[in-house]
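Listed here are the chains, written in short residue letters.
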Amino acid sequence: MRIESPRYTERVGSVRINDVQKVLELDSGRAKELPREEKIAVQKTEEDTIKDLEEKMAIIIPTKDEKLKLFEGVISGVPHECLIIVVSNSQRKRVDRFRMERDTLSQFCHFTRRQALIIHQKDPILAEALREAGYTELLGEDGQIRDGKAEGMMIAMLIAMIAKKNYVGFIDADNYFPGAVWEYVRCYASGFSMAKSPYVMVRILWRYKPKISTGMYFKKWGRVSEITNRCINSLISTKTGFETEIIKTGNAGEHAMSLGLAKILPYASSYAVEPQELVSIFEGFGGVLPMAHQAAAKHGVEIFQIETRNPHLHEEKGEQHQQEMLLPGLGVIYHSPLCDKDTKQMVLDELRQQNAISQDKEPSKPRLYPPLKKVDLQQFTKAIKEHIDSYSALEGEQ
Ligand code: GDD
Ligand code: MG
């Protein structure tokens, strides 16, 4: 795969944010020595390197009552070497949708001879394991793991740690194009191969996110991402004193991290999770507040933003849903200890303009979870050990 080399890097404390890098070629052919001039502008990641990294990667697919056909397409696009971890919060009562997902995944794994794990977010065994591992923050009053995409991602990250993976990548289950899924994972691998620090994050920017109106319109920016990016950039600008537009992936649902980084970041609940990751990185390593982790501060935290070739098309969940995404995302910016007066005002203006809050209100503070390193992994592993086989899509086949 060929990707543009990072042309511009913004440095904030120990954080290095690379400007968007475009994918030039999805398949760059056989490995050969590149002429030196080419290396300056272009980053070629060889197939073997991509495969090696995919082998170390778990792809986490959060899902909640998505169309089965879409889910089926998504799993077919995940490269063979990756371990798939599906974390589902789908209904089990009237129609057991989880069962249907499980069956679909099992059949896929059976015929493709690969490994995958599937867990349900409300599985009492997982909740109990968290309790025993000293991480009750993720549990609600009913003793179960709370609802939300972020909550699903977090439990799946713990499973990836048990599976001894080095990287996690996230892909939504409502994606229409298996080819796009395949490309996301290759971008993750490419980003990881460029990283100089073990604390690395790769965030996807899609080239187009088509809208169907009269015919198809290849739109690039969604309203929610535009606003979120502007507010995060303002947060950074006021700290450095130089206005910046560096962040273009504030809401990127499709993103990946080294587990080294994943373990040390605080997370926000539900759809606030992606903007909060960036805010957590700036808070922890931006140099304004005390450094959150010595080793990561020393190596630096690297962020790559990679623009894909495939357009992104996913389920449209309506206007109301857009607001449900915007509000918590801006809430994390507003309530960050880094947030200055001007950025706060910007957040309020945006939210009021979108009618997301009334004139005299502030956005509420999203729930924050402590970093996963707080989980006693040994204890957690011990608690689910007997059940881990039942999470395998190939249960009973080995
Ligand atoms: N396990 C689990 N638990 N999964 C969930 C839950 C939950 O409670 N809620 C939603 N999901 C799954 C959905 O089924 C989907 O696969 C994925 O999480 C994203 O949720 P959507 O509801 O489709 O979100 P979206 O498409 O509006 O927003 C996505 O893209 C944004 C940026 O473009 C999300 O990934 C956002 O987090 C992201 O910011
Ligand atoms: Mg979606």
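Everything that follows concerns the structure shown earlier in this document.
Residues numbered from 1 in each chain as written. Chains lettered and ligands numbered in written order. Predicted model: local features only at pLDDT ≥ 70, side-chain atom pairs only at ≥ 80, totals over all residues. Heavy atoms only, no water.

## Let's talk about the site of ligand 1
For step 1, the next point in the chain: The environment of ligand 1 is made up of 22 residues, and the closest members are Glu-66, Asn-251, Tyr-271, Lys-317 and His-321.
For step 2, the next point in the chain: Between Gln-121 and ligand 1, the recorded distance is 2.8 Å, taken from a side-chain N or O atom to a nitrogen atom.
For step 3, the next point in the chain: Interatomic distance of 2.5 Å between a side-chain N/O atom of Lys-317 and an oxygen atom of ligand 1.
For step 4, the next point in the chain: When ligand 1 is considered free in solution it has 730 Å² of accessible area, and contact with the protein chains removes 94% of it. (Near = heavy atom within 4 Å. Polar contact = N/O pair within 3.5 Å; in protein donor to acceptor, adjacent residues only side chain to side chain. Areas by Shrake-Rupley, 256 points an atom, 1.4 Å probe, with all protein chains shown as cover.)

## Things to note about the nonpolar core
For step 1, the next point in the chain: With 79 residues, the main nonpolar core has Val-168 and Phe-380 as its most contacted residues.
For step 2, the next point in the chain: The element that contributes the greatest number of residues to this core is helix α6 (residues 149-162), accounting for 11 residues.
For step 3, the next point in the chain: Those residues in contact with Val-168 that lie beyond four places of it in its chain are Ala-58, Ile-60, Met-157, Ala-160, His-255, Ala-256, Met-257, Leu-259 and Ala-262. (Core = buried A, V, L, I, M, F, W, Y, C linked by side-chain atoms within 4.5 Å. Buried < 20%, exposed > 50% of the residue type's maximum accessible area, 1.4 Å probe, protein only. Helix = DSSP H or I, 4+ residues; strand = E, 2+ residues; numbered from the N terminus. Contact = heavy atoms within 4.5 Å.)

## Digging into the side chain of Glu-66
For step 1, the next point in the chain: Residue position: Glu-66 is located in the loop between β6 (57-63) and α3 (68-77).
For step 2, the next point in the chain: Judged by relative accessible area, which is 11%, Glu-66 ranks as buried.
For step 3, the next point in the chain: At 2.8 Å, the side chain of Glu-66 and the side chain of Lys-317 are in polar contact.
For step 4, the next point in the chain: Ignoring sequence-local partners within four residues, the contact set of Glu-66 consists of Arg-97, Ala-173, Asp-174, Glu-315 and Lys-317.

## A few points about the packing of aromatic side chains
For step 1, the next point in the chain: Tallying each qualifying case throughout the model produces 1 aromatic pair.
For step 2, the next point in the chain: Here Tyr-167 and Phe-192 contribute two aromatic rings whose centre-to-centre distance is 4.1 Å and whose plane-to-plane angle is 20°, an arrangement assigned as stacked. Here Tyr-167, found in strand β9 (residues 167-170), pairs with Phe-192, found in helix α7 (residues 178-194); they are 25 residues apart in sequence, far enough to count as distant. Pair check on accessibility: Tyr-167 and Phe-192 agree, each one buried. (Phe/Tyr/Trp six-rings, centres within 6.5 Å; stacked < 30°, edge-to-face > 60°.)

## Side note on the coordination of the magnesium ion (ligand 2)
For step 1, the next point in the chain: Coordination of the magnesium ion (ligand 2) by the protein involves Asp-174 (OD) and His-314 (ND1), with metal-donor separations of 2.1 to 2.4 Å. Here Asp-174 is found in the loop between β9 and α7, whereas its partner His-314 is found in the loop between β15 (301-307) and α12 (319-334), with 140 residues between them in sequence. (Donors = N, O, S within 2.8 Å, 3.2 Å for Na, K, Ca; no water.)

## Some details on the pattern of salt bridges
For step 1, the next point in the chain: Tallying each qualifying case throughout the model produces 21 salt bridges.
For step 2, the next point in the chain: Glu-47 is the partner of Arg-186 in a salt bridge, and the nearest nitrogen-oxygen pair spans 2.6 Å. You can see Arg-186 sitting in helix α7 and its partner Glu-47 sitting in helix α2 (residues 47-55), a full 139 residues away along the chain.
For step 3, the next point in the chain: Residue Glu-47 is classed as partly exposed on the basis of its relative accessible area, which comes to 26%. (Salt bridge = Lys/Arg side-chain N within 4 Å of Asp/Glu carboxyl O.)

## Concerning the pairing of strand β3 (residues 15-18)
For step 1, the next point in the chain: Pairing of strand β2 (residues 9-12) with β3 involves 4 bridges; the strand directions are antiparallel. Looking at the pairing, Val-12 lines up with Val-15 of β3.
For step 2, the next point in the chain: In this structure, the hairpin formed by β2 and β3 is closed by a connection of 2 residues, where Gly-13 is found at a positive phi of approximately 60°.
For step 3, the next point in the chain: With 3 bridges connecting them, β3 and β15 associate as parallel partners. Note that in β15 the partner of Val-15 across the bridge is Val-301. (Pairing = 2+ DSSP bridges.)

## Overview of helix α5 (residues 124-132)
For an α-helix the count is 3.6 residues per turn, leaving residues at separations of three or four pointing the same way.
For step 1, the next point in the chain: Those residues of α5 not exposed but buried are Leu-126, Ala-127, Ala-129 and Leu-130. Mapping the buried residues of α5 onto a view down its axis gives an arc of 160°, with all of them on the same face.
For step 2, the next point in the chain: Against the buried residues of α5 lie β8 (116-120), α6 and α14 (377-384).
For step 3, the next point in the chain: Between a side-chain oxygen at the N-terminus of α5 and the backbone nitrogen of Ile-125 the separation is 2.9 Å; the capping residue is Asp-123.
For step 4, the next point in the chain: The positive-phi residue at the C-terminal boundary of α5 is Gly-134, with phi of around 80°. (Arc of directions from axis to C-beta.)

## Describing the environment of Lys-69
For step 1, the next point in the chain: When you line up the elements, Lys-69 lands in helix α3.
For step 2, the next point in the chain: Residue Lys-69 is classed as exposed on the basis of its relative accessible area of 67%.

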